[in-house]
6 protein chains.
Amino acid sequence: MTSVHIAELSWTAYDEKLKRDNPVIILPVGSLEQHGPHSPLATDTIIPQEIGIAVAETIDGLIAPPIAYGYKSMPRTGGGNHFPGTTSLDGDTLVRLTRDILCEFARHGARRLLILDSHYENEMFLIEGIDLALKDLKSWGIDDLRIMKVRYFEFVSEATLATVFPDGFPGWPLEHAGVMTTSVLLHRRPDLVHMDKVPNQKPVIYPPYDLFPVDPKKGTQTGILATAKGATPEKGEILFKEYVAGISAATREAFGLNA
Amino acid sequence: MTSVHIAELSWTAYDEKLKRDNPVIILPVGSLEQHGPHSPLATDTIIPQEIGIAVAETIDGLIAPPIAYGYKSMPRTGGGNHFPGTTSLDGDTLVRLTRDILCEFARHGARRLLILDSHYENEMFLIEGIDLALKDLKSWGIDDLRIMKVRYFEFVSEATLATVFPDGFPGWPLEHAGVMTTSVLLHRRPDLVHMDKVPNQKPVIYPPYDLFPVDPKKGTQTGILATAKGATPEKGEILFKEYVAGISAATREAFGLNA
Amino acid sequence: MTSVHIAELSWTAYDEKLKRDNPVIILPVGSLEQHGPHSPLATDTIIPQEIGIAVAETIDGLIAPPIAYGYKSMPRTGGGNHFPGTTSLDGDTLVRLTRDILCEFARHGARRLLILDSHYENEMFLIEGIDLALKDLKSWGIDDLRIMKVRYFEFVSEATLATVFPDGFPGWPLEHAGVMTTSVLLHRRPDLVHMDKVPNQKPVIYPPYDLFPVDPKKGTQTGILATAKGATPEKGEILFKEYVAGISAATREAFGLNA
Amino acid sequence: MTSVHIAELSWTAYDEKLKRDNPVIILPVGSLEQHGPHSPLATDTIIPQEIGIAVAETIDGLIAPPIAYGYKSMPRTGGGNHFPGTTSLDGDTLVRLTRDILCEFARHGARRLLILDSHYENEMFLIEGIDLALKDLKSWGIDDLRIMKVRYFEFVSEATLATVFPDGFPGWPLEHAGVMTTSVLLHRRPDLVHMDKVPNQKPVIYPPYDLFPVDPKKGTQTGILATAKGATPEKGEILFKEYVAGISAATREAFGLNA
Amino acid sequence: MTSVHIAELSWTAYDEKLKRDNPVIILPVGSLEQHGPHSPLATDTIIPQEIGIAVAETIDGLIAPPIAYGYKSMPRTGGGNHFPGTTSLDGDTLVRLTRDILCEFARHGARRLLILDSHYENEMFLIEGIDLALKDLKSWGIDDLRIMKVRYFEFVSEATLATVFPDGFPGWPLEHAGVMTTSVLLHRRPDLVHMDKVPNQKPVIYPPYDLFPVDPKKGTQTGILATAKGATPEKGEILFKEYVAGISAATREAFGLNA
Amino acid sequence: MTSVHIAELSWTAYDEKLKRDNPVIILPVGSLEQHGPHSPLATDTIIPQEIGIAVAETIDGLIAPPIAYGYKSMPRTGGGNHFPGTTSLDGDTLVRLTRDILCEFARHGARRLLILDSHYENEMFLIEGIDLALKDLKSWGIDDLRIMKVRYFEFVSEATLATVFPDGFPGWPLEHAGVMTTSVLLHRRPDLVHMDKVPNQKPVIYPPYDLFPVDPKKGTQTGILATAKGATPEKGEILFKEYVAGISAATREAFGLNA
C-alpha cells in the first residue's frame, strides 16, 4: 500500500509515513485557464503535478491533490480572464484555500511543505496564504513548520533556454502556452496536445500598462502570446528533467535532506 | 479533440461545445478524509468523479476538475476531523470556492450546472455558495442559470439496499467507509482498496449529541463506524449503475433534456 | 434576585453564579421561518427556549438570549427560503454570531456551554462557529471550554414516535410544522397555534435533489410538508417532557454533573 | 390571529398585513451588557422592545425579534467590555447581522423599516449594515426601501430632563444604568430592578481619551457611572410616554403616514 | 538624519530611535470629505497631522503616515456621504487597515501608540481595529502594547470655547467645517482656506433621527452645518496650542512619561 | 482655488473640475518599507507622488492622497517583511482599500482613473481591488469606468538603462533601493537621501525559491540587494523625466486624450 499520492493512501499508511520519515509534502497549484487552441485548459495543473510526482519519487516525498483553480488570468501573462474556459478564483478565496490546507498538513504533523506553483498570477495569493497560515499556527503553538514556494519555470538553465530557443529566448511574458509549456506537455501528455492547432502568429505586443475592464477585442485573440510551433517532445524532456532535478536539489538544500 | 473532461479540452473546443449544446457541467465535490485503514483518503473525491464521468457520457455533459478538499469531518458521520490525513477547509473557504467556480462557468455561458457531492459535511456550505453565486450573478444581470445539487447516495433504491445488506441496512450514519463506498471502490478502483485491512469491528454507537472539542480517545479509533467486511465488487457495480442511471435521469428531468 | 435567564440577572448576580457553580449556559438557536398558516414564525425559537428553560431549571443552569434568526430555509426541510416571513442569515453571519457569543461566555469564566438548536439548516454553521471559537480561545490561552451541541428532536424515543404517530412515523423531512412541533406548541404556547388553519393536505413529495433558484410554484404552497391535523397538547406534553428529561440527562453525562 | 410581534404571526397573517398596510417594521437593537448591580444585563434590549411594542401599537406597525447582543461596551459610555456578563459581538458580526435582516424584510416586500437602537456603541455598525443592505438591494433591483434609525434617548425633551434631574442633568455619558434607564425599567419591568442594590457612588470621571487594553482596576468598579438613586417609576412613566410619542410622531413624519 | 516623520527616516534610524527611546508613535487618522466650499477636502487629515507633528516634537515621539481616507460621512455630523469629493471606506476596510498598521508597529518593537483621530465617523471602527489588533498580538505572545485613542477636539477648554464663540457655543454637531476647524486651518494652512467662499447660512437643523438612503435634497446644500464666518487665525492659534498642550500632557500621563 | 491635489480642493472646486473636464484621477500607491540605511521608509510612496504630480500637471489631471502602506515586502524584491520600519497590510486589506477608493471616485462621476504603483508586491492586490470594484460598480449600473494601472519603472527605455548603468543593468530584482530609485530621490528629495550611508556591498544572490518563515539571518542584512553607489541626481532627472513623459503619453493613449 504505497504511493506518492496522499489521495491514494489510507490514513494509517499516511500517518506511518509522516511519523517515520517527516517527508516533504508537495502541493501543486495550477489553474483552469485557456492555453491556446492547441493545449488543454488544465495545462498549469498538469505540469506541476507531473513534476511534483517525479520530485516526490526523487526525494521520497508525498504529493497532495492539486489546487486546480487559480487566480484570474492577466492579459500580459495569460491573455486575460475573459476567455471562455478560464475559471478563476477571487484572490481571497485562493488565500483561504492555501491557508486552510497548509494548516491541516501542519496539524497532521508535517513540517516540510513544498508549494509547487505553475500559474504566474497565483504567486502573491499563495504567499499571503502562507503568511496567514504561519500566523495561525504560531497562535496555536506550532512554530517549526517550514514552507518552500517554487515556480517551476525558474529552474530552467541558460543553457537549456539556448537549446529550446535556437533563435533566442523571446522572454517570459510570451511563454504562456508557448514553446516551453507545450514541449513539456508533448513529453508527458502528448494525447492532450494538438500541434496542428497551434496558431502561426507573431508575438502579441502589449503596452507597458494594464487597462481595465479588459477589452476582449484587443490583445491575443487565440489565447497565445507567441507561437508554440517550435515545441517538440525532445525539448520537453530536457526541460522536464531539468525542472525535476533542480527542484529536487533545491528542496533537499532548503530542508537539509540527504541526497 | 473530444473529452468529457473540461480540464483536457482547449478553450476553443470547450467554447464550441458550450455554444452548440448548452451542456450540463458537472462539478464533483469530495474531501480528503480518512476512510478507514482499507480505503484511500480521496474516497469521497474519487467516487463522484467516477460517477460524474459516467453521467457526463450518458447525458453528453462535461465534467470539471473536482473540489478535492471538503468541510471538516464530524464524529458521527466521518469519525471526526482530528484524524491524520483528514484535510479540511473552513466553511467560508468552501463557500467562496463554490461561489467563484459557479460564477465563472456562468460567465462562460453555461446555464446548466450539476454539483455532485459525496461528503456529508459539505452540503450546507455548497448551498451557501450556490446562493451567493446566484445573488452575484443576478446583480450582474444573469438570472437564467440553473444549479442542481445532488448527493449521489440519495439515489440508491430500497431494493438495492436490501441486496447490499442482506441482514438489514444499518442506517446512513454508519456508512462512512462502509459496505457501500467500499463496494463502489472495489468496482471502480480495486487497486486502492485493501480488504485485508478492513477492521472487524462492531458498529460504533454515538450519543445523540456532539461534544467539542472532540476527544480523540472516544468514538471510532479505526476511522470506520461499521465494518466494510461485506463489500464486494459485484455490489459496487450494482450501486454504481444505479447511481449513474438515477442521477442521469434526474438531471434530464431537472433541466428538461431529452433522453 | 434569581432567574435562569441571564438577561434578567445583574452582572454581579451572574458573576456570583458563575464563580460558585460553574453552571451550564444554554444558548437556544432557532429561526424566524414560516411554519405553515397555523403556527408562528418564531416556532423554532420558542421551542428551544421553552425546553432550555426547563433544562436550566433541572440542572441548575442558565439560559442566554436566543439566536432568533437562523440559516436559510431549504425546500425539503422547511419549504424554501422564498416564503414571506422567513428571515434568514447568510452562513457566515451565523458562524460569526455563534463564535462571538461563545468566546464572550468563555471570557466570563463559563466552561460548560450547551447549544440547543431547533432549526435543521443551522447545524453546520453552528459547528463552524464552535470550531472557530475554540481556535480563537486556544490562541488566547483558554483550552478547557467544553461545548455540547444538541438538536432537541434527536431525543425522541421510538416509543413516543409510535404514540404520536399511531399510523406510523412519516419520517423527519416531513416534520416541518408538522404533528410534533405543533403538539409541543399546543402544550406550551396554545395561544399561538390556530388548529383551524392547519392545511388538510397530503405529504409533499420532493425529488432526491435540489434545484436552485427555487421555483416558488413547485413544492409546498402552504409551507407545511405534511399535515399537522393529528397534533394535540397531550402529545405535546409527552414530547416536551421527553426532550427535557433526555437533554438534561445527556448534559449531565457530557459534563460529568451529578443528578 | 393578530399581534404586533412578527414572531407570533403565521407567515400568511404576516404576508396579508404587509400587502394590505405596508406597515413600518420595527427592529429593536440592544445589548447583553452590565448595567450595574441593580438592573438586568438585558436592560438595553428590554427598553427598545417595550418602546417598540408601544410604537407599533400606535402606528399600526410590526415589531421583529430584537438583536439582543450588541457591540463591545466602552469605558466612558458603558464601563468597559471586560465586565462579566457583558456579551458583545465583533463589529463585522453586527454589521452582517443587520444587513441580512434588512435585506430579508425587503425581500418580503416591506419598504418601511425602523431600527430602534438603545446601546450607544451599536450606532456606527448599524449604519454600516444599513449602507451595505441598501447597496445589495440596489444591485438586485430594489431601490425604494426606506430605513429610519433612532436612538430612543434622543427623544427626551429639555422639560423632562429638568423634571427627572431636579438638581441638573449631569450629561449623557454618565447615564449608563443611571436615573433615566432605571426609571424606565421601574415603570415597565419593576420585577427586574433592585433599588436596594443601587450603588451610592459619586460620578466616575474619565479623562478625555481612551487607553487600550482597558485596565479593569481603573474606572467604574460597580458598572455604573453615576448613581441611579433618584430613579422612580413616575419618572419612568414620563420618559416612556415621551419616547413613545416622539418616536411615533417622527416615524409618521419620516414615512409620510397619517396620524 | 532626524525627523519626527517615520516616512522620512531610514529603517536603521527608525530602529535606533525605537530601541533607544521607546517613543510614542502617533498615527493621525482623518478623511477625504467635503468641508464646505471654503476649506479643503483633506481638512480632517491636515489638522491631526499638524497637531501630531507638534505633539511628536513636544514629547520626542514619531509620527506615521496618516490614514487619509475615513468612514462614511453622516448627515448630522458631516453633511452626508453623497457629496462629490467625499471618499470613504467601508467599515471593515478601516478596521482592517487600523489593525494591520498597529500590529506592524508592535512587531517593530513599539509599545506606545497614539491614534489621533479627527473625523467623527471613524471612532468605532478605530476601536474595533484596536481590539482586533490586541487580540492578534496576544495570540502571538505580545501583551504589553498600549494604545491611546484621542479625538483632538475633546481637548478644548470651556474658557477657549467662550473665547471662540463669544455669542455662545452652538454645539458640536454644527462644528463640521465650522468656526473651529476653519480657524485652525487659517492658523496652520491659510493657503487652503477661502474665507470669501464661506456660506452665510443659518445653522442646518436636523431631526433627531437618520433616514436612509439620504435624500440629497434635504439637509445642508453647501456642506456646512453652521457658518464659519467667525473663524480667524488668532482663534486658530489659541485652539491649536490648546490641542497640542492638552494632548501632549495626556499622552505623558497615559504612558507615564516625564515632561 | 486650483491645485492638482484633490486633498487641497474644496468639494465645489473638485466637482466643477470633474464635470467640466472628466479629468484623469491619479491614485499613487506605495509602501512604508525599508529602503536601506540611506533612503527613507516612504521611498515607494514619495516617488509615485512626485511622478503623479508631474503627470497630473502634464495631462491636466488630479492626484488623490496616496495609499501609503502596501503589501508585505518579499526577500527577493524588498529584503523581507521582517525589517523594522517595514509596515505592511494584509492582502485583503489592500484589496478592500483599493476597491473602496475606486468605487467612491466613480460615484463622484470620475470615469478615468490611473493607479500609479511603485511597490512590486502590491500589484496583484491592486488588480483584485480593481476587479472587485468593477463588479460592484456594474451591479449598481456603472459600467463606463476605465482604470489604468501602471508600475512607473516599466517606462524606462533601454537607452536610459544603458546610461544609468554604464557597466550593464544588473536586473530588476536587485533594484530595491538601488541606483534608480536612489537617483530619482536625489533629484526630487535630496534632503531625504544620505549617500554616505549607502552600503558598499556586493549584490545579494537569492536562490530561485522562497522559504517561509523568512530567516532574518539570511539574505540582505542592510536592506539593499545591490549597492546604490552609482546614484546621482543627474541620472535621477533623466529617469524622472522619462517616467513622466512615458506615463503621460500612455495615459493619453489609453484614455483617448489629446496631447
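Within every chain, residues take consecutive numbers counted from 1 along the sequence as written. Ligands are numbered from 1 and chains lettered from A, in the order in which they are written. Totals for whole chains, interfaces and linings use all residues, but because this is a predicted model, local features are given only for residues with pLDDT of at least 70 and pairs of side-chain atoms are given and counted only at 80 or more. Side-chain calculation: all heavy atoms of the structure are included, whereas hydrogens and water are not.

- Chain A has the name Creatininase in an unreviewed UniProt entry, where Taklimakanibacter albus is given as its organism.

Description of the relation of the copies chain E and chain F
(1) Moving on: A least-squares fit on C-alpha atoms brings the copies together, and the residues used are those whose pLDDT is at least 70 in both copies. Structural alignment of chain E on chain F gives an RMSD of 0.0 Å, achieved by rotating through 180° and translating 0.0 Å along the axis. Taken together, the rotation and translation describe the operation of a two-fold axis. By C-alpha distance to the rotation axis, the residue of chain E lying nearest is Thr-93 of chain E, at 3.1 Å.
(2) Moving on: Only heavy atoms enter the contact rule, under which two residues are in contact if any of them lie within 4.5 Å. Counting the interface residues of chain E, we find that 100% of their copies in chain F are interface residues as well, pointing to one common contact surface.

Here's the deal with the pattern of salt bridges
Oppositely charged side chains are able to pair whenever their charged atoms sit close together.
(1) Moving on: Here a salt bridge means any side-chain nitrogen of Lys or Arg lying within 4 Å of a carboxyl oxygen belonging to Asp or Glu. Under the criterion given, the structure shown has 144 salt bridges over all chains.
(2) Moving on: Of the charged contacts in the structure, one is a salt bridge between Glu-128 of chain F and Lys-72 of chain A, with a shortest N-O distance of 2.8 Å. Of the two residues, Glu-128 of chain F sits in helix α5 (residues 123-139) while Lys-72 of chain A sits in the loop between β2 (62-63) and α3 (75-78), which places them in two different chains. For the residue pair Glu-128 of chain F and Lys-72 of chain A, the accessibility class agrees, reading buried in each case.
(3) Moving on: One salt-bridge network, held together by shared partners, links Lys-72 and Asp-90 of chain A, Arg-99 and Asp-100 of chain B together with Glu-128, Asp-131 and Lys-135 of chain F. Think of it this way: any DSSP run of H or I at least four residues long counts as a helix, any run of E at least two long counts as a strand, and we number them from the N terminus. Burial classification: accessible surface area is computed with a 1.4 Å probe over protein chains only, and a residue below 20% of its type maximum counts as buried, one above 50% as exposed, and the rest as partly exposed.

Notes on helix α1 (residues 11-21) of chain C
All names here are of chain C.
(1) Moving on: Taken as a whole, α1 has its buried residues at Trp-11, Ala-13, Tyr-14, Asp-15, Lys-17 and Leu-18.
(2) Moving on: The elements touched by buried residues of α1 are β1 (25-29), β2 (62-63) and α4 (91-108).
(3) Moving on: Taken from the residues just after α1, Asn-22 is the one with a positive phi, measuring 45°.

Concerning unusual backbone geometry
(1) Moving on: The step from Phe-212 of chain C to Pro-213 of chain C runs through a cis peptide bond, and the omega angle for that step is -10°.
(2) Moving on: The topology assignment puts Pro-213 of chain C in the loop between β5 (210-212) and α8 (233-255).
(3) Moving on: In this model, Ala-177 of chain A sits at a positive phi of 60°, which is unusual for a non-glycine residue.
(4) Moving on: Relative to the assigned elements, Ala-177 of chain A resides in the loop between α6 (158-164) and α7 (179-188).
(5) Moving on: Backbone geometry at Asn-22 of chain C places phi at a positive 45°, although glycine is not the residue there.
(6) Moving on: Note on placement: Asn-22 of chain C falls in the loop between α1 and β1.

A look at the side chain of Glu-175 of chain E
All names here are of chain E.
(1) Moving on: Structurally, Glu-175 is set in the loop between α6 (158-164) and α7 (179-188).
(2) Moving on: Salt bridges are absent for the buried Glu-175, whose nearest opposite-charge side chain, Lys-235, sits at 9.3 Å.
(3) Moving on: Here a polar contact means two N or O atoms within 3.5 Å. Within protein one must be a hydrogen donor candidate and the other an acceptor candidate, and residues neighboring in sequence count only if both atoms are side-chain atoms. Within the structure, Glu-175 has its side chain in polar contact with the backbone nitrogen of Val-179 (distance 3.3 Å).
(4) Moving on: Those residues in contact with Glu-175 that sit more than four places away from it in its chain are Phe-165, Phe-169, Met-180 and Thr-181. Only four residue types enter the tally: Lys and Arg on the positive side, Asp and Glu on the negative side, with His and both chain ends excluded.

Points about the interface of chain E and chain F
(1) Moving on: In this assembly, 53 residues from chain E lie in contact with 53 residues from chain F.
(2) Moving on: As used here, buried area is the combined drop in accessible area, with a 1.4 Å probe, of two parts when they are placed together. Here chain E packs against chain F, burying approximately 4000 Å² in sum over the two surfaces, 62% of which is carbon and sulfur.
(3) Moving on: The interface formed by chain E and chain F contains six salt bridges.
(4) Moving on: Residue Arg-99 of chain E is joined to Asp-90 of chain F by a salt bridge in which the shortest nitrogen-to-oxygen separation is 3.3 Å.
(5) Moving on: Secondary-structure elements contributing two or more residues to the side of chain E that touches chain F are α1 (11-21) and α4 (91-108) of chain E.

Re helix α5 (residues 123-139) of chain A
(1) Moving on: Between its terminal C-alpha atoms α5 of chain A stretches 25 Å, which fits the 24 Å expected from 17 residues at 1.5 Å a residue.
(2) Moving on: The element α5 of chain A is extensively covered by neighbouring structure, given that 13 of its 17 residues are classed as buried. A helix's residues, less one, multiplied by 1.5 Å, set its expected span.

Digging into the packing of aromatic side chains
(1) Moving on: Side-chain rings of Phe, Tyr and Trp (the six-membered ring for Trp) are treated as a pair once their centres are within 6.5 Å; stacked means planes under 30 degrees apart, edge-to-face means over 60, and tilted covers the remaining angles. Taken as a whole and judged by the stated rule, the model has 33 aromatic pairs over all chains.
(2) Moving on: Consider the rings of Phe-125 of chain A and Phe-125 of chain F, whose centres lie 5.2 Å apart with planes at 65°: the pair is edge-to-face. One end of the pair, Phe-125 of chain A, is in helix α5; the other, Phe-125 of chain F, is in helix α5, on a second chain.
(3) Moving on: For Phe-125 of chain A, a relative accessible area of 1% corresponds to the buried category.
(4) Moving on: Between the aromatic rings of Phe-165 of chain C and Phe-169 of chain C, the centroid separation amounts to 5.2 Å while the plane-to-plane angle is 50°, which identifies the pairing as tilted.
(5) Moving on: A relative accessible area of 9% places Phe-165 of chain C in the buried class.

Quick notes on the packing of helix α2 (residues 43-59) of chain E against helix α8 (residues 233-255) of chain E
All names here are of chain E.
(1) Moving on: Axis definition: a line fitted to C-alpha atoms, limited for helices to the stretch in contact. Angles are taken between N-to-C directions and run from 0 to 180 degrees. Contact pair α2 / α8: the axes reach a minimum separation of 9 Å and the direction vectors enclose 50°. As far as their axial angle goes, α8 and α2 are oblique. Of the two possible hands of crossing, α2 and α8 adopt the one that is right-handed. Residues Glu-50, Ile-51, Ala-54, Val-55, Thr-58 and Ile-59 of α2 touch α8, and the partners they reach there are Phe-240, Tyr-243, Val-244, Ile-247, Ser-248, Thr-251 and Arg-252. Should an angle fall under 35 degrees it is called roughly parallel, over 145 degrees roughly antiparallel, and 65 to 115 degrees roughly perpendicular, with every other angle called oblique. A crossing counts as left-handed when the near helix is turned anticlockwise from the far one by less than a right angle, and as right-handed when that turn is clockwise.

Quick word on the sheet that holds strand β3 (residues 112-117) of chain D
(1) Moving on: A pair of strands is labelled paired if DSSP reports no fewer than 2 bridges between them. Taken together, the five strands give an open sheet; going across it, the order is β2(D)-β1(D)-β3(D)-β4(D)-β5(E), and neighbouring strands pair in mixed fashion. One side of each edge strand has no neighbouring strand; the edge strands of this open sheet are β2 (62-63) of chain D together with β5 (210-212) of chain E.
(2) Moving on: The sheet contact formed by β3 of chain D and strand β4 (residues 146-151) of chain D spans six bridges and is parallel. Each residue of the ladder has a partner; that of Leu-114 of chain D, found in β4 of chain D, is Met-148 of chain D.
(3) Moving on: Against the sheet, helix α4 (residues 91-108) of chain D contacts β1 (24-29), β3 and β4 of chain D, and its axis sits at roughly 150° relative to β3 of chain D.
(4) Moving on: Across the sheet, helix α5 (residues 123-139) of chain D is in contact with β1, β3 and β4 of chain D together with β5 of chain E; its angle to β4 of chain D comes to roughly 180°.

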